[in-house]
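What follows is each chain in one-letter form.
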Amino acid sequence: LLKCAEKAFGVGRIPYPLLMIDTGHNFPEVTAYRDQRAKELGAELIVRSVEDSMKRGTVRLAHPGESRNAHQSVTLLEAIEEFRFDALIGGARRDEEKARAKERIFSHRDSFGQWQPKDQRPELWTLFNTRLATGEHFRVFPISNWTELDVWQYIERENVGLPSIYYTHKREVVERRGLLV
């Protein structure tokens, strides 16, 4: 998506900030690449962490080994409120999980940040109803109709750089709940 924004607006001209919700489980290569690309593009980068939400008490893990991924939505909603975002652009695709199959490109969220399938607006002929009430927002998924293959073909065609971790190299393996990850 960052490459799409770069092509649409140009270096130093992306008219919205980049937002990352950090679970604390990101590989250093990924966060270093994120920081490098934001700097190269002259883009404003906002990072909010699940760890900070835990310190505030808005996120509580059931046990220390619990994944933080399920809790990042709390941190996201806090960032939406803090910065008063009307829309967030994300890279979710419908083929990733069943729940996203009904999601629209412009996914309306209520004032609690909830997705209500019956409240989704029709997107006939790729026309989008972007009206919002106070406190509501959109999550916009411009590549929701793409498959994983489409993404990799775009990366190849546009020569999109990737963090080094996407390439073969030795990395630490840890055991979590009897699984090696």
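Please refer to the structure higher up on the page.
On a predicted model such as this, the values are computed, not experimentally measured, just so you know.

> Hey, could you run me through the pairing of strand E2 (residues 45–49) in this one?
Looking along a regular strand, one sees side chains alternate from face to face of the sheet. Bridge analysis of strand E1 (residues 18–22) against E2 gives five bridges, and the strand direction is parallel. Considered in E2, the bridge of Asp 22 is made with Ser 49. Crossover E1 to E2 through helix H2 (residues 28–41) is right-handed.

> Help me out: how do you make sense of the layout of surface pockets in this one?
To find leftover empty space, a probe the size of one water molecule is rolled over the atoms. Estimated volume of the second largest pocket: approximately 530 Å³. Looking at the second largest pocket, it is lined by 22 residues, and the ones nearest its centre are His 25, Phe 27, Val 174, Arg 176 and Val 181. Class assignment for the residues of the lining of the second largest pocket results in seven nonpolar, seven polar and eight charged.

> In this structure, what is going on with a nonpolar patch on the surface? I would like to understand it.
Together, Leu 124, Trp 125 and Leu 127 make up an exposed nonpolar region whose accessible area comes to about 430 Å². Mapped onto the secondary structure, Leu 127 falls in the loop between strand E4 (106–109) and strand E5 (137–140). Take Leu 127: its relative accessible area is 56%, and that puts it in the exposed class.

> Got a minute to help me understand the pattern of salt bridges in this structure?
Opposite charge on two side chains permits them to pair, given that their charged atoms come into close proximity. Per the stated rule, a full pass over the model turns up twelve salt bridges. With its nearest N and O atoms 2.9 Å apart, the salt bridge here joins Glu 6 to Arg 37. Of the two residues, Glu 6 sits in helix H1 (residues 2–9) while Arg 37 sits in helix H2, which places them 31 residues apart along the sequence. For the pair Glu 6 and Arg 37, a shared accessibility class is recorded, and that class is buried. One salt bridge in this structure joins Lys 7 and Glu 158, with 3.2 Å as the shortest N-O distance. Taken as a pair, Lys 7 in helix H1 and Glu 158 in the loop between helix H5 (148–157) and strand E6 (175–176) lie far apart in primary sequence, 151 residues in all. Taken together, the shared-partner salt bridges in this structure form one network comprising Lys 3, Glu 6, Arg 37 and Glu 40.

Criteria and thresholds
Residues numbered from 1 in each chain as written. Predicted model: local features only at pLDDT ≥ 70, side-chain atom pairs only at ≥ 80, totals over all residues. Heavy atoms only, no water. Pairing = 2+ DSSP bridges. Helix = DSSP H or I, 4+ residues; strand = E, 2+ residues; numbered from the N terminus. Right-handed = clockwise from strand over helix to strand, strands pointing away. 1 Å grid on protein atoms, 1.4 Å probe; cavity = no way out; pocket = protein on both sides within 12 Å on 5 of 7 lines; lining within 4 Å. Points joined across faces, edges and corners; volume = space filled by probe spheres on them. Nonpolar A, V, L, I, M, F, W, Y, C, P; charged D, E, K, R; others polar. Patch = residues over 30% accessible without salt bridge, like charges linked within 9 Å, V, L, I, M, F, W, Y side chains within 5 Å. Areas by Shrake-Rupley, 256 points an atom, 1.4 Å probe, with all protein chains shown as cover. Salt bridge = Lys/Arg side-chain N within 4 Å of Asp/Glu carboxyl O. Buried < 20%, exposed > 50% of the residue type's maximum accessible area, 1.4 Å probe, protein only.

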